[in-house]
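Next come the chains, spelled out residue by residue.
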Amino acid sequence: MKIGLLTSGGDCPGLNAVMRAFTRFAFLNLPRPEILGFKDGYTGLIENNFVPVGEHFFDDLLYTGGTVLGSIRQPFKNMADPAEDGVSKLDKMVENYRRLGLDCLVTLGGAGTHKTAAMLSAEGCNVIGLPKTIDNDIWGTEFTFGFDTAAEVAAKCVREMHATAYSHGRTILVEVMGNKTGWLSLYAAVAGGAHACILPEFPYDEAALAEYIARRRENGARYDVIVVAEGAMTKEESTWKRKEMLLRRKELGYSTATARIARAIENRTGAEARVQVIGYLQRGAEPNAHDRALCTMMGAYAGELVREGRFGVTVAVEGGRITYNPLSDIAGRTKFITPENPMYLAAKSTGIYFGD
Ligand code: F6P
């Protein structure tokens with residue numbers, strides 16, 4: 001049985017752990033497995049660039065962050081566009097899939113990866129997806145692998161800001177990754193004991209947020225820790241098209257909202273504000289025990305799906321159990337935090353201010 005394996009999109013903790021579990025399952029349970037590891041995501045499939053993955057290829061990689069296969073972002077939007085030679089990337093992938101005689105392709109990735117996986121599936125390739133991303137925003141799954149580790153890193157950073165913010169009586173704003181959704185920010189704010197949290201799903205009012213901090217100070221608070229998601233936007237910005245918003249921000253000389261909020265707070269309260277962007281520390285960590293266990297279960301489950309011949313699906317967690325969803329159901333959909341989300345409600349009811 002010939003199987004292609006690839007990791008696509010931004011990396012996250014646990015990619016190697018999933019591939020390790022899948023490979024182990026394959027060599028123990030599938031007939032004459034031959035696994036090809038495509039280099040740099042879909043780019044490897046487009047360019048026919050792969051390495052043979054033997055039984056012990058991933059043996060020592062349970063703990064290793066990133067992906068040893070490499071990953072390059074290949075925007076799904078251009079996949080079906082004809083290139084200079086008249087052939088689209090999608091056509092090249094389907095051609096290579098067929099020419100190599102693959103029985104199936106296992107793709108580890110986020111929303112964009114799943115969009116492309118659904119396109120390949122619609123072209124007749126046997127595809128199985130696995131939900132990776134520190135953003136936890138893939139539709140149809142309660143958790144993506146990599147999220148728990150990233151949340152732990154982010155929460156630790158938020159926690160550690162308290163001591164230094166207290167010492168200097170400052171307001172520290174911690175910028176957490178997450179462009180469209182605020183899952184990572186919400187978990188980091190709750191688990192890190194933040195005083196406020198600004199999420200893309202709930203556009204904020206700058207004056208109201210500055211006023212909230214001013215009131216805290218008047219009531220005796222010495223310092224503040226605020227989590228700001230990378231994709232946070234004001235109520236006004238949320239009425240604009242994304243492209244327009246990014247352009248206007250560029251003209252004004254900033255890309256994310258964090259530094260702007262810091263300035264507004266300084267102006268309103270007179271307190272010193274500082275910005276801490278955690279960035280790639282959230283992506284590069286070794287997968288924690290929870291993620292290593294989840295990755296192992298998901299990788300083995302993907303192996304089961306291959307054994308059953310169940311393709312055109314992606315692995316998911318529902319009600320705490322590992323299951324699958326049709327690729328066509330989840331492609332192009334995003335899992336947002338809703339106002340009914342229990343963690344959001346618990347955060348609100350225990351005093352975290354969301355700036356809305
Ligand atoms: O998709 C995961 C993610 O980490 C987002 O949270 C973040 O906005 C983005 O990737 C950053 O990606 P890049 O690697 O292109 O800087």
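Residues numbered from 1 in each chain as written. Predicted model: local features only at pLDDT ≥ 70, side-chain atom pairs only at ≥ 80, totals over all residues. Heavy atoms only, no water.

## Points about the overall build of the protein chain
- For the protein chain, the count of helices and strands is 13 helices and 11 strands.
- What you see for the protein chain is a C-alpha radius of gyration of 22 Å, in line with the 21 Å of a compact globule of 356 residues.
- A principal-axis box enclosing the C-alpha atoms of the protein chain has dimensions of 70 × 45 × 30 Å.
- Residues counted as buried form 53% of the 356 residues belonging to the protein chain.
- For the protein chain, long-range pairs separated by at least 24 residues make up 73% of all intrachain contacts whose partners lie at least 6 apart in sequence.
- One way to put it: in the protein chain the 40 positive side-chain charges average out to a point 2 Å from where the 42 negative ones average out. (Helix = DSSP H or I, 4+ residues; strand = E, 2+ residues; numbered from the N terminus. Rg over C-alpha atoms; globule rule 2.2 N^0.38 Å. Buried < 20%, exposed > 50% of the residue type's maximum accessible area, 1.4 Å probe, protein only. Contact = heavy atoms within 4.5 Å. Lys, Arg positive; Asp, Glu negative; His and termini not counted. Charge placed at Lys NZ, Arg CZ, Asp CG, Glu CD.)

## Details of the nonpolar core
- Grouped together as the largest cluster of nonpolar side chains are 63 residues, with contacts concentrated most on Leu-108, Leu-130 and Phe-145.
- Both domain 1 (2–146 + 287–330) and domain 2 (148–283) contribute no fewer than three residues apiece to this core.
- Setting aside chain neighbours within four positions, we find Leu-130 in contact with Val-18, Val-106, Thr-107, Leu-108, Gly-109, His-114, Phe-145, Met-298, Gly-299, Ala-302, Thr-314 and Val-315. (Core = buried A, V, L, I, M, F, W, Y, C linked by side-chain atoms within 4.5 Å. Domains from an automatic or database assignment.)

## Here's the deal with a positive patch on the surface
- A contiguous patch of positive charge, built from Lys-77, Lys-180, Arg-242 and Lys-243, is present on the exposed surface.
- By the secondary structure assignment, Lys-77 is in the loop between β3 (50–53) and α3 (89–100). (Patch = residues over 30% accessible without salt bridge, like charges linked within 9 Å, V, L, I, M, F, W, Y side chains within 5 Å. Areas by Shrake-Rupley, 256 points an atom, 1.4 Å probe, with all protein chains shown as cover. Salt bridge = Lys/Arg side-chain N within 4 Å of Asp/Glu carboxyl O.)

## Considering the site of the ligand
- Close to the ligand lie Arg-73, Ile-134, Asp-135, Met-177, Gly-178, Asn-179, Glu-230, Tyr-280 and Arg-283.
- At 2.7 Å from an oxygen atom of the ligand is found a side-chain nitrogen or oxygen belonging to Asp-135.
- Tyr-280 is positioned such that a nitrogen or oxygen atom in its side chain is 2.4 Å from an oxygen atom of the ligand.
- Considered class by class, the residues forming the shell around the ligand number three nonpolar, two polar and four charged.
- Two domains each provide a minimum of three residues to the shell around the ligand, namely domain 1 (2–146 + 287–330) and domain 2 (148–283). (Near = heavy atom within 4 Å. Polar contact = N/O pair within 3.5 Å; in protein donor to acceptor, adjacent residues only side chain to side chain. Nonpolar A, V, L, I, M, F, W, Y, C, P; charged D, E, K, R; others polar.)

## What about the pattern of salt bridges?
- In total, this model carries 15 salt bridges according to the counting rule given.
- Across the salt bridge formed by Lys-92 and Asp-85, the nearest N and O atoms sit 3.4 Å from each other.
- The closest approach of N and O atoms between Arg-248 and Glu-244, which form a salt bridge, is 2.8 Å. One end of the pair is Arg-248 and the other is Glu-244, both in helix α8 (residues 242–252) and four residues apart, which spans about a single turn.
- With a relative accessible area of 35%, Arg-248 lands in the partly exposed category.
- Using a relative accessible area of 32% as the deciding quantity, one classes Glu-244 as partly exposed.
- Residues joined by salt bridges that share partners form a network here, namely Arg-170, Glu-272 and Arg-274.

## Concerning the domain arrangement of the protein chain
- Entries for the protein chain in the domain assignment read domain 1 (2–146 + 287–330) and domain 2 (148–283).
- Computed over C-alpha atoms only, the centres of domain 1 and domain 2 are separated by 34 Å.
- Contact with domain 1, which involves 15 residues of that partner, is made by 12 residues of domain 2.
- Together domain 1 and domain 2 conceal approximately 1100 Å² of surface at their shared face, both sides included; 47% is due to carbon and sulfur atoms.
- If you sort the residues of domain 1 by the area they bury against domain 2, Ile-134, Asp-135 and Asn-288 come out on top, with a joint share of 43%.
- Between Asp-11 and Arg-283 there is a salt bridge whose closest N-O contact spans 2.7 Å.
- Taken together, the links from domain 1 to domain 2 amount to six residue pairs in polar contact (both at pLDDT 80 or more).
- When grouped by side-chain class, the residues that make up the side of domain 1 that touches domain 2 number five nonpolar, five polar and five charged. (Buried area = accessible area lost by both parts, 1.4 Å probe.)

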